[in-house]
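# Examination of the molecular architecture
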Amino acid sequence: MAQRILEPGEIETLASRDVPRIILADRDSLFAARAERLRALAATSAIGDYLQLLAVLVDAQHAQLAALRPERLAELQSAAMAQQPPAVAAAGMPPLHAASLARDDEWRSILRALCRTCLEHGGFPAEAHGVLERLIAAPDAWLDAQADAVLEVPGAAAIDAVTAPFVMAALQVYWTALALAFKPTDLAPMADAPGLCPLCGTPPVASVVHARAPHSSYRYLSCALCACQWHFVRVQCSHCGGVGKDIAYRALAGIDGDEAAAARDAAVRAETCDHCHGYRKILYLEKDPGVEPVADDLGTLALDLLLGEEGYQRVSQNPLLWQASGD
Ligand SMILES: [Zn+2]
Ligand SMILES: [Zn+2]
């Protein structure tokens, strides 16, 4: 029997069928690992004090997610699922679409609880106390308008950059709780929007190359909201789809000043694109098993400064460090 040789496109199709496409966040470890990583990075960071305070906020996120009782969690999940007719899911729309899902009031309770925990901690500076007290006292309608703003609901109010990280922190807990209703096999990357989260439609904060089977050496984009990770081919811009010579990797030079060696060996690099002049960070678990998308993105702000000076633009925000647009 004659053997037919596979064309390159067919080989890729066969290969991608075996790739586990989705990795969902783990309730017990997501925020705990992030807080631990923030503390580890704080020890050697120029913004160490700031990272330590963020670790307090992330600890509070962990506590809020852990405190949701099973009945309450099931109630929130079924209310969210009921909003999506099956036909929409079948059409490839994200089932927990951030910009259109009607949120339960629970998200505001989570926000106020996060703020109270941070206030009680006592380590936050006076200006932050003012922000936290303002959030606790804010009318529900204002908080909902701010949630709409950070979730990019069309026609939303302007983002209040000072309160946005706390608002986003509460929304992360809420969306992560809803995401627990899904199994990886329920989802697949969106064919017409491969750079957006297939669960909630949010852009990724960074990407991660995994080091352990069955995900080993595959690259996943990591959602800034629900922490879902979805497969995305390597050496391709996750913003515009640019490939080939437009893609390059940058990292901060080590103490020896060798930037080329750093770009090869660093556990956190920036994947730059000369087609759209954008970039996102890419993390390598093989180089450092502790890297975490939100924490390590914040831990490498010097790389953002370097790339900004060279005319590259960040293509999405870090959920815990909001910059007003135009900054
Ligand atoms: Zn998501
Ligand atoms: Zn691009």
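Residues numbered from 1 in each chain as written. Chains lettered and ligands numbered in written order. Predicted model: local features only at pLDDT ≥ 70, side-chain atom pairs only at ≥ 80, totals over all residues. Heavy atoms only, no water.

## Considering the coordination of the zinc ion (ligand 1)
Protein ligation of the zinc ion (ligand 1) involves Cys197 (SG), Cys200 (SG), Cys223 (SG) and Cys226 (SG), the donor distances falling in the range 2.3 Å. If you look at the zinc ion (ligand 1), its four donor atoms make angles of 96 to 121 degrees with each other, and the shape they trace is tetrahedral. When the donor residues of the zinc ion (ligand 1) are listed from N- to C-terminus, their spacing reads C-x2-C-x22-C-x2-C. For the residue pair Cys197 and Cys200, the accessibility class agrees, reading buried in each case. (Donors = N, O, S within 2.8 Å, 3.2 Å for Na, K, Ca; no water. Tetrahedral: all angles 85-135°; square planar, octahedral: opposite > 155°, others 65-115°. Buried < 20%, exposed > 50% of the residue type's maximum accessible area, 1.4 Å probe, protein only.)

## Focus: the coordination of the zinc ion (ligand 2)
Every protein donor of the zinc ion (ligand 2) is listed here as Cys237 (SG), Cys240 (SG), Cys273 (SG) and Cys276 (SG), and their distances to the metal cover 2.3 Å. With four donor atoms in place around the zinc ion (ligand 2) and angles of 102 to 113 degrees between them, the coordination shape is tetrahedral. Between consecutive donors of the zinc ion (ligand 2), the numbers of intervening residues give the motif C-x2-C-x32-C-x2-C. Of this pair, Cys237 sits in the loop between β4 (229-231) and β5 (247-250) while Cys273 is found in strand β6 (residues 268-273), placing the two residues 36 residues apart along the sequence. Taking the relative accessible area as the measure of exposure, Cys273 reaches 1% and is therefore buried. (Helix = DSSP H or I, 4+ residues; strand = E, 2+ residues; numbered from the N terminus.)

## Focus on the packing of aromatic side chains
By the definition in use, this model includes one aromatic pair. For the ring pair Tyr174 and Trp175, a centre distance of 5.4 Å and an interplane angle of 85 degrees mean the geometry is edge-to-face. Judged by its relative accessible area of 2%, Tyr174 is buried. Among the residues examined, Trp175 registers a relative accessible area of 0% and is labelled buried. (Phe/Tyr/Trp six-rings, centres within 6.5 Å; stacked < 30°, edge-to-face > 60°.)

## Observations regarding the domain arrangement of the protein chain
A common measure of how large an interface is: the accessible area buried when the components associate. By the assigned domains, the protein chain splits into domain 1 (22-184) and domain 2 (185-314). Placing a centre on the C-alpha atoms of domain 1 and another on those of domain 2 gives a separation of 22 Å. With 29 residues of domain 1 at the contact, the number on the domain 2 side is 32 residues. For the pairing of domain 1 and domain 2, the buried interface totals around 2,400 Å² over both sides, and the portion due to carbon and sulfur atoms is 66%. Its largest share of buried area at the contact with domain 2, domain 1 owes to Ile22, Ile23 and Arg37, together 30% of the area lost on that side. For the pair domain 1 and domain 2, the number of links is four salt bridges. (Domains from an automatic or database assignment. Contact = heavy atoms within 4.5 Å. Buried area = accessible area lost by both parts, 1.4 Å probe. Salt bridge = Lys/Arg side-chain N within 4 Å of Asp/Glu carboxyl O.)

## A few points about the environment of Leu38
By the secondary structure assignment, Leu38 is in helix α2 (residues 30-42). Given a relative accessible area of 1%, Leu38 falls into the buried group. With residues near it in sequence (within four places) discarded, Leu38 still touches Leu51, Leu54, Ala55, Val58, Ala295 and Leu298.

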